[in-house]
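A structural walkthrough
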Amino acid sequence: GRSVGIGAYLNRLGQRNIQMVKGAMILTGPEPLNKLMGKQIYTSQDQLGGPHIMVPNGVTHELVQNDQDGVEAIVRWLSFVPTNVLALPPMIRSADPVSRKIQFRPTKAAYDPRHML
């Protein structure tokens with residue numbers, strides 16, 4: 001569901017935010033903002049904090065369809081966290097072999113940094 005006011009602000013302070021497809025995260029609704037602007041600009045909460053706003057801006061880290069998917073995403077994320085402050089994170093075998101040939105080398109010209117991944 002939606003998260004409004006302080007609840008939405010606390011979401012932004014979190015390490016990991018999971019948002020439902022049908023649930024906005026907003027600090028305030030469209031009515032107060034329209035009043036502040038002196039004209040109607042916003043007509044819905046989705047325009048202010050829907051997934052199409054929060055995902056590209058990096059506020060939402062994962063988008064889910066429902067509460068069950070959200071819980072599964074939390075459990076999956078927690079599987080990467082150490083069991084206590086003295087423990088090391090869980091080790092998983094990489095599917096990317098160490099002997100893999102390097103396919104991309106950065107240049108002095110502009111490039112998409114995602115090519116380095």
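The present account deals with the structure reproduced in this document.

1. Quick notes on the overall build of the protein chain
Counting its regular elements, the protein chain contains 5 helices and 4 strands. Tracing the protein chain from N to C terminus, the helices and strands come up as β-α-β-β-α-α-α-β-α. Counting across all 117 residues of the protein chain, residues that qualify as buried make up 21%. If you take every contact in the protein chain between residues at least 6 apart in sequence, the share linking residues at least 24 apart comes to 41%. Counting only carbon and sulfur atoms, one obtains 59% of the accessible surface of the protein chain, whose full area is about 9600 Å².

2. Some words on the pattern of salt bridges
Once the charged atoms of two side chains with opposite charge are near each other, the side chains can pair. If you walk through the whole model with that rule in mind, you get 4 salt bridges. In this structure, Glu-62 engages Arg-76 in a salt bridge whose closest nitrogen and oxygen atoms are separated by 2.7 Å. Note that Glu-62 is positioned in strand 4 (residues 62-64) and Arg-76 in helix 5 (residues 67-78), a separation of 14 residues in sequence. Residue Arg-100 pairs with Asp-96 through a salt bridge whose shortest N-O separation is 2.5 Å. The exposure class of Arg-100 is partly exposed, given its relative accessible area of 45%. Each of Arg-16, Glu-62 and Arg-76 takes part in salt bridges that share partners, so that together they form one network.

3. As for the side chain of Glu-62
Residue Glu-62 is classed as buried on the basis of its relative accessible area, which comes to 19%. Engagement of the side chain of Glu-62 in a polar contact is seen with the side chain of Arg-76, the distance being 2.7 Å.

4. Some details on the packing of aromatic side chains
Counted under the stated rule, the structure contains 1 aromatic pair. When the centroid spacing of 5.5 Å and the interplanar angle of 55° are considered together, the rings of Phe-104 and Tyr-111 count as tilted.

5. A word on a nonpolar patch on the surface
A cluster of nonpolar side chains, Ile-74, Trp-77, Leu-78 and Val-81, forms an exposed patch at the surface whose accessible area comes to about 320 Å². Inspection of the secondary structure assignment puts Leu-78 in helix 5. In this structure Leu-78 comes out as partly exposed when scored by relative accessible area, which is 43%.

Thresholds, definitions, all that
Residues numbered from 1 in each chain as written. Predicted model: local features only at pLDDT ≥ 70, side-chain atom pairs only at ≥ 80, totals over all residues. Heavy atoms only, no water. Helix = DSSP H or I, 4+ residues; strand = E, 2+ residues; numbered from the N terminus. Buried < 20%, exposed > 50% of the residue type's maximum accessible area, 1.4 Å probe, protein only. Contact = heavy atoms within 4.5 Å. Areas by Shrake-Rupley, 256 points an atom, 1.4 Å probe, with all protein chains shown as cover. Salt bridge = Lys/Arg side-chain N within 4 Å of Asp/Glu carboxyl O. Polar contact = N/O pair within 3.5 Å; in protein donor to acceptor, adjacent residues only side chain to side chain. Phe/Tyr/Trp six-rings, centres within 6.5 Å; stacked < 30°, edge-to-face > 60°. Patch = residues over 30% accessible without salt bridge, like charges linked within 9 Å, V, L, I, M, F, W, Y side chains within 5 Å.

Just distances and angles here, no functional claims.
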